[in-house]
Amino acid sequence: MAGIRNTLTYLVPDSLTAQPGQRVQVPLASRRAVGIVLRSGSTLPPGIEARPILRVLDAEPVLSPELLELGLWISDYYIAPVGEVYRTMLPLRSATRCARVARLSELGLKKLEEMNTGTDAAAPELDELLNYLAGRGSVPEPSLRRKFAELVSRALKEKLVVIEEVDRDRAQRKVYAVRLTGPVPEKPVRLSPVALRILEVLRTQGSAADHRELLQTARGNLGALKKLSGSGLIELSPSPVDRRPTLPWDPELDAPFSLTPAQAAVLDDLTQQLASGKFHTVLLHGVTGSGKTEIYLRLIARCLEMGRTALMLVPEIALTPSAQAQFQARFGPQMALLHSALTENERHEEWWRIRRGEARVVLGTRSAIFAPLDRLGAVIVDEEHDTSYKQDETPRYNGRDVAVVRAQLAGALAVLGSATPSLESFWNAREGKYGLASLPERVVGRKLAEVEIVDMRQEFRETHTQAPVSRRLHEEIEAQLAEGRQTIILLNRRGYSWFLLCRSCGQTRRCENCSISLVYHRREHRLICHYCGYSAPVPPDCPNCHSKHLQYVGEGTEKVEKKFAELFPDARGARLDRDVARRHGQFQKILDDFRSGKIDLLVGTQLISKGHDFPGVTLVGVLSADMGLGFPDFRAAERTFQLLTQAAGRAGRGEIPGRVLVQTFFPDHYTIRMAAEQNYEAFFNKEMRFRRMMHYPPVTALANVIAQGAKLDQAARVAKQVGDFLVPLEKEMEGLRVLGPTPAPLAKLQGRFRIQFLMKCTSRARLNSILRRLADFSEQQGFPQRSLVIDMDPLSVM
């Protein structure tokens, strides 16, 4: 029922009891669907017939009245089907699963009886199949086909067997502890490569408390594990371990220390608002290294002392390990973790720990805002400006804004923290909608890193080369290495080269699904699209003109890592970007090694620019600092300022002052200059002049409406109808402006052509009302599914 925008009415049979917040199974057209009960107990109007619900799936409500109301608000504000919203809010595996099973039909039973009595011997080859089914009642269809192959199709054709869809209770997956039963034979005979890898991991790393982690490390499977158990080489036993995700405890993380006067004042103010039991929103604007995390931890502790629960969001899964270690040290088993990198079982177990009240503190990414906490006292959004809080598929909600609404429904305190707040949040603080708390200085009297701008135009004039590393940066890195200090190099572009160019005809290899060039990745030696994942081999010559003169253009993190290895062969270097983060355990290992001083020079994307505390880093180099300024997006300057300021904040967080070198071709751009000064308020005032002039948020409300289709003419037809609907509204409604239709900056994405409308309105309520009318219009016109995307408060207009 996820795609249905309106609620449906069903009858509750006398034999069942359904409460708001419970999941139920209902008939929907010719199939079965799962829905959420919103209201119950009302009587049907005369003459209205309703179909009965089939089954109540939960023994108790899984969504509280507060979360039900939050889901309705998200559906209404973000123009999303209410079923999609509730499905997003419940990261639970279903208690049942749909299975296709085969059984004998009445004709099959009669045929079997005739065969067994000897009155029908026409089909003896079917005898085993029919007797097999008769002895078992029903058998999963895939298992039956594996055993009897084409005989199943014949039995179905002759109507001797029928296939039914049934709901079966989902079994709890077992977790095994694994140990060797004795020494591994030097030359084990007749073992597969998978089995040998499993034995080698057990021999070198010892017994495993969880077979799933063992299989990930050994790149094995459960079948190989059970064969080894059957051969007597290993022993499997039910694992008694608590499967909650944990990290090793570091006592230093729990070491108390004194707050600065500014920290103490902010904490006291937040505590007073928390104690009032009323809804408040506070923007905590603190420079990098000012101790915001310590305030979060102490505020949560005070929240628990008051008998309430707390929730903290971080923007990236990559940031959760470091935050998790701190939370685990402070709150122990009271803490739960929720993010998409957990396994289905882990998410399920963590969710129920929260629901049962065993965990009173939740740490997680965007979707953790739906954690089933009772008596919620504080909702904290760290790095509130981060675009990761905005979901890019239905429902297109912003986790930061939903956090504020959830706090309002719970009568809780919402704290939005950042060194570089979004213009919307700082505007709300300036207008008095939010409270404002400030931490203008770093802890322990540490100074902000000194930032130096390197003019790459002058570098080119003097060296006549286009090397990604300036002479100035090269000198600074040499000095850092000589003194045994660490350096971070930021380049917000992964891969090896930006694209592959034919120097004869000028063509580039483009993605077949998106209107963008493919990026060359050296490790895979393939051209890859970063939007849809499409990849292609590197061609030996130009597919267009067959020239051999192909050139890799631009530098990504892979190429820069290689370049630094050549420039500084004695330095211990590493790279950290999303390509590395996908490899199991590698991301955390690199972070741990860098924090412990085992790595001298770390190259990475924005993943290393925020949220991390590396006391040994005294130099940050930013390559291509102005790259984002060329994007056709009104937020390009804001994002560039945030990235540069956050990157500068990684330097000088220990005892030794830090330095930052920013390489740019636009040294006079106000964004670059003010980021170098780390002057947020000056940037805010300057940028707001442009936002007012061009009528962009936060002075207006904005929506991005995209008509799309697998063919351009399909998208154009939808865009024509949308335009015809919007034109008269623009004339009659005050404060509404519609830009478009026009091809979106990414005119084709994931195989769909895109035509864009940007809608600005001085009234958020009026704009929201128009979008709801547009959604109703699209249903009435029978637009194909996915042909119209409505994005309220978009963070990207690409």
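This text follows the structure it describes.
First, a word on scope: everything that follows refers to the structure included in this document. (Residues numbered from 1 in each chain as written. Predicted model: local features only at pLDDT ≥ 70, side-chain atom pairs only at ≥ 80, totals over all residues. Heavy atoms only, no water.)

1. Digging into the overall build of the protein chain
Thinking step 1. The number of helices and strands found in the protein chain is 25 helices and 30 strands.
Thinking step 2. Computed over C-alpha atoms, the radius of gyration of the protein chain comes to 30 Å, within 12% of the 28 Å expected from 2.2 N^0.38 for 798 residues, which places it in the range of a compact globule.
Thinking step 3. Along the first, second and third principal axes, the C-alpha set of the protein chain runs to 100 × 80 × 70 Å.
Thinking step 4. Each of the 798 residues in the protein chain was classed as buried or not, and the buried ones make up 50%.
Thinking step 5. In the protein chain, the proportion of contacts linking residues at least 24 apart, taken out of those at least 6 apart, comes to 75%.
Thinking step 6. Total accessible area computed for the protein chain in this model is approximately 38100 Å², and 50% of it derives from carbon and sulfur atoms.
Thinking step 7. Here the protein chain carries 108 positive and 92 negative side-chain charges, and the mean point of each set is 3 Å from the other. (Helix = DSSP H or I, 4+ residues; strand = E, 2+ residues; numbered from the N terminus. Rg over C-alpha atoms; globule rule 2.2 N^0.38 Å. Buried < 20%, exposed > 50% of the residue type's maximum accessible area, 1.4 Å probe, protein only. Contact = heavy atoms within 4.5 Å. Areas by Shrake-Rupley, 256 points an atom, 1.4 Å probe, with all protein chains shown as cover. Lys, Arg positive; Asp, Glu negative; His and termini not counted. Charge placed at Lys NZ, Arg CZ, Asp CG, Glu CD.)

2. Some remarks on the pairing of strand β2 (residues 31-36)
Thinking step 1. With six bridges connecting them, strand β1 (residues 23-28) and β2 associate as antiparallel partners. Bridged to Leu28 within β2 is Arg31.
Thinking step 2. Hairpin connection between β1 and β2: a loop of two residues separates the two successive antiparallel strands, and Ala29 in this loop has a positive phi of roughly 55°. (Pairing = 2+ DSSP bridges.)

3. Side note on the sheet that holds strand β20 (residues 526-528)
Thinking step 1. The three strands lie next to each other as β19-β20-β21, forming an open sheet whose pairing is antiparallel. Sheet topology places β19 (519-521) and β21 (535-537) at the edges, where each strand pairs with a single neighbour. The average undirected angle you get between the axes of adjacent strands in this sheet is 35°.
Thinking step 2. Two strands pair when backbone bridges link them, and β19 and β20 are joined in this way by three bridges, in the antiparallel orientation. Across the sheet, residue His521 finds its bridge partner in β20, namely Arg526. (Axes fitted to C-alpha atoms, helices over the stretch in contact; angles between N-to-C directions.)

4. Let's talk about the pattern of salt bridges
Thinking step 1. Taken as a whole, this structure holds 49 salt bridges when the rule is applied.
Thinking step 2. Residues Asp58 and Arg23 are paired through a salt bridge, measuring 2.8 Å at the closest nitrogen-oxygen approach. One end of the pair, Asp58, is in the loop between β3 (55-56) and α1 (65-77); the other, Arg23, is in strand β1, with 35 residues separating them in the sequence.
Thinking step 3. Owing to a relative accessible area of 9%, Asp58 belongs among the buried residues under this scheme.
Thinking step 4. A salt bridge links Arg298 to Glu294; the nearest nitrogen and oxygen atoms lie 2.6 Å apart. Placement of both Arg298 and Glu294 in helix α11 (residues 292-305) is noted, with a separation of four residues, approximately one turn of the helix.
Thinking step 5. According to the relative accessible area criterion, Arg298 is partly exposed, its value standing at 23%. (Salt bridge = Lys/Arg side-chain N within 4 Å of Asp/Glu carboxyl O.)

5. Digging into the pairing of strand β28 (residues 736-749)
Thinking step 1. As paired strands, β28 and strand β29 (residues 752-761) are joined by eight bridges and run antiparallel to one another. Residue pairing for β29: Val738 is matched across the bridge by Met759.
Thinking step 2. Between the end of β28 and the start of β29, which pair antiparallel, lie two residues, with Gln750 showing a positive phi angle near 50°.

6. Here's the deal with the environment of Gly556
Thinking step 1. Assignment of secondary structure puts Gly556 in the loop between β22 (550-553) and α18 (557-567).
Thinking step 2. In the structure, Gly556 is positioned 45 residues away from Leu601 in sequence and 16 Å away in space, judged by C-alpha atoms.

7. Regarding unusual backbone geometry
Trans is the common state for peptide bonds, and a negative phi is the common state for residues other than glycine.
Thinking step 1. Following Thr394, the chain continues to Pro395 via a peptide bond in cis, the omega torsion being -5°.
Thinking step 2. Residue placement: Pro395 occurs in the loop between β13 (376-382) and α14 (399-410).
Thinking step 3. A positive phi angle is found at Gln678, which is not glycine, with a value near 55°.
Thinking step 4. With a relative accessible area of 15%, Gln678 lands in the buried category.
Thinking step 5. In this model, Gln750 sits at a positive phi of 50°, which is unusual for a non-glycine residue.
Thinking step 6. Of note, Gln750 is situated in the loop between β28 and β29.

8. Remarks on helix α13 (residues 344-355)
Thinking step 1. Here α13 contains twelve residues, and its C-alpha end-to-end distance of 16 Å stays within 8% of the 16 Å for a straight helix at 1.5 Å per residue.
Thinking step 2. Along α13, the positions that sit buried rather than exposed are Asn345, Glu346, His348, Glu350, Trp351, Trp352, Arg353 and Ile354.
Thinking step 3. Where α13 is buried, its residues touch α2 (82-89), α8 (211-218), β11 (335-338) and β12 (361-364).
Thinking step 4. With its phi angle positive at about 85°, Gly357 sits one or two positions after the end of α13. (Expected span 1.5 Å × (residues − 1).)

9. A word on the packing of α1 against α14
Thinking step 1. Interaxial distance between α1 and α14 falls to 10 Å at its minimum, and their mutual angle equals 140°. In this view, α1 runs oblique relative to α14, as classed from their interaxial angle. In the packing of α1 onto α14, the handedness of the crossing is right-handed. Packed against α1, whose contacting residues are Glu66, Leu67, Glu69, Leu70, Trp73 and Ile74, the element α14 presents Val402, Val405, Arg406, Leu409 and Ala410 at the interface.
Thinking step 2. In terms of residue class, the contact of α1 with α14 is built from eight nonpolar, no polar and three charged. (Parallel < 35°, antiparallel > 145°, perpendicular 65-115°, else oblique. Left-handed = near helix turned anticlockwise from the far one by under 90°. Nonpolar A, V, L, I, M, F, W, Y, C, P; charged D, E, K, R; others polar.)

10. Quick notes on the packing of aromatic side chains
Thinking step 1. On inspection of all chains with the given rule, the structure shows 21 aromatic pairs.
Thinking step 2. Ring geometry for Phe564 against Phe568: centres 6.0 Å apart, planes inclined by 15°, an arrangement best described as stacked. Just as Phe564 is buried, Phe568 falls in that class too.
Thinking step 3. Of the aromatic side chains, those joined through ring pairs into one cluster are Phe426, Phe641, Tyr670, Tyr680, Phe683, Phe684 and Phe690.
Thinking step 4. Over the ring of Phe148 we find Lys147; its NZ or CZ atom is 5.8 Å from the centre of that ring. (Phe/Tyr/Trp six-rings, centres within 6.5 Å; stacked < 30°, edge-to-face > 60°. Lys NZ or Arg CZ within 6 Å of the ring centre and 35° of its normal.)

11. Thoughts on a nonpolar patch on the surface
Thinking step 1. A cluster of nonpolar side chains, namely Leu11, Leu44 and Ile48, defines an oily patch on the protein surface of about 240 Å² accessible area.
Thinking step 2. Tracing the backbone through its elements, the reader meets Leu11 in the segment before β1. (Patch = residues over 30% accessible without salt bridge, like charges linked within 9 Å, V, L, I, M, F, W, Y side chains within 5 Å.)

12. Topic: the side chain of Arg752
Thinking step 1. Its location among the elements puts Arg752 in strand β29.
Thinking step 2. Despite being buried, Arg752 has no salt bridge partner; Asp713 is the closest side chain of opposite charge, sitting 11 Å away.
Thinking step 3. Setting aside its immediate chain neighbours within four residues, Arg752 contacts Asn513, Gln708, Gly709, Ala747, Gln785, Arg786 and Ser787.

13. Thoughts on the sheet that holds β3
Thinking step 1. The strand order β2-β1-β3 describes an open sheet built from three strands, whose pairing is antiparallel. Edge positions in the sheet fall to β2 and β3, since each has one partner strand and no second.

Nothing here speaks to function; it is all geometry.
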